[in-house]
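Examining the three-dimensional arrangement
The lines below spell out each chain.
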Amino acid sequence: MESISDNVRKDFFCLILAGGKGKRLWPKSRTSMPKQFIDFFGVGRTLVQQTYDRYRKFLLPENIYVSTSKEYIRMLKEQLPELDDEHILCEPIHRNTAPIAAWATHRVENITRQGVIIISPADQHIIGEEQFEEDVLNAMSHAKDHKCFLTMGIRPTRPEPGYGYIQLGECFDSSAEDIHCVRSFTEKPEREFAEIFMQSGEFLWNTGLFISAVGTFHERFSRLLPPVMRGLDATMPGASWEQENDWVEENFSTYPNLSLESGILERTENVCVKECHFGWADIGTWHGIYDAFSCGGSDNVVLDTETALTDTKGCVISLPKGRMAVVNGLKDFIVVENDEVLLITPRTDNSDAVVKQLMRYYIDKNI
């Protein structure tokens, strides 16, 4: 990787998305304590802390922002005490990723119009941090130079139906052979289509990492979203961050519930994808965790839990500290305990939907 000067790096910003409810990993992840604030793997740092640590290695701390929902502000401040209030974007109500990206764009644009932002989920597992740094910095430099939207893609290792798939178009130019124009995007295909995509060699997994210069983000959001932040600029030019927060508190609800995938990837105009080379997994569903962390069809994935297993294969097991799982003769099941709930359900492609259904049933029974 070519050395990136401090003068260029000062224009690189990050927004970490940490406002989700994490319902698909119930009962380990709850609305009161969602997955981004949990140490899933017993490493001593929660997912949002690991994500912050990862970016702080190569971005300026003053250029890192974290978004979360109002109900999680206390947890975020406890877990990342180094963040000051000006670096927390507090969503007054739950919306998808495009509205909060628009707010972050406005915040950074008021600092520098030369800014480039990477928007990053807080719930990813990354292997190969040096390669991650190299890929991200190269991608941010490309987005700065070429004024394009750029997403990060990973070569599929299995036909995973729970991920989005990006179809590669032609190379962006001869100087960047790992950056392609995006031909199409498919969100969470059926397994048979995921197998076709993987076998074709034309598709990458969508990591959910989006990069763009603030001017490019601004132009797209101006066409895509209501003029919430533009209304702030018209009403209170040069508003302080306190005034900005008050404005968002009052006006954020006018934004639609729109994702960056729907707003950018599905509209492939001026969108590129960089094929990356770090190890990656989305900590999104129990079945997805199994596929990402198992080494073979007969392996079990045990998450920071003491176990005694016999004739047990293909299971995901997660129990609280002080509990021991003694399991015999179980195959392809999810076994998760948290607080007063013990979940035992088959591990299948539709485990996501089943877990949501069981969660709703539990909530209804406890009203």
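From a predicted model like this one, the values you see are computed outputs, not experimental measurements.

Attention now goes to the pairing of strand β10 (residues 271-276). Of all six residues making up β10, six are buried, and the element is well covered by its neighbours. By the alternation rule, side chains of β10 split into V271, V273 and E275 and C272, K274 and C276, which are all buried. Taken together, the six bridges between strand β6 (residues 149-154) and β10 define a ladder with parallel strand orientation. Along β10, the bridge assignment pairs G153 with E275. Of the strand pairs in this sheet, strand β8 (residues 176-187) and β10 are connected by three bridges, and their pairing is antiparallel. The residue of β10 that forms the bridge with I179 is K274.

Pairing is mixed in the open sheet, where four strands are placed in the order β12-β14-β16-β17. Edge strands, defined here as strands with exactly one partner in the open sheet, are β12 (301-302) and β17 (341-346). Sheet topology note: the strand β16 (residues 333-338)/β17 ladder contains six bridges and is antiparallel. Across the sheet, residue E337 finds its bridge partner in β17, namely L342. Strands in contact with helix α12 (residues 351-365) are β16 and β17; relative to β17, the strand with the most contacts, it is inclined by about 145°.

Right, let's talk about the packing of aromatic side chains for a bit. Here the structure, examined in full by the defined rule, presents 18 aromatic pairs. Its guanidinium or amino end placed over the ring of F132, R54 lies 5.9 Å from that ring's centre, counting from NZ or CZ. One residue, R347, lies across the ring of Y290, its end atom 3.7 Å from the ring centre.

Quick notes on the rules
- Residues numbered from 1 in each chain as written.
- Predicted model: local features only at pLDDT ≥ 70, side-chain atom pairs only at ≥ 80, totals over all residues.
- Heavy atoms only, no water.
- Buried < 20%, exposed > 50% of the residue type's maximum accessible area, 1.4 Å probe, protein only.
- Helix = DSSP H or I, 4+ residues; strand = E, 2+ residues; numbered from the N terminus.
- Pairing = 2+ DSSP bridges.
- Contact = heavy atoms within 4.5 Å.
- Axes fitted to C-alpha atoms, helices over the stretch in contact; angles between N-to-C directions.
- Phe/Tyr/Trp six-rings, centres within 6.5 Å; stacked < 30°, edge-to-face > 60°.
- Lys NZ or Arg CZ within 6 Å of the ring centre and 35° of its normal.

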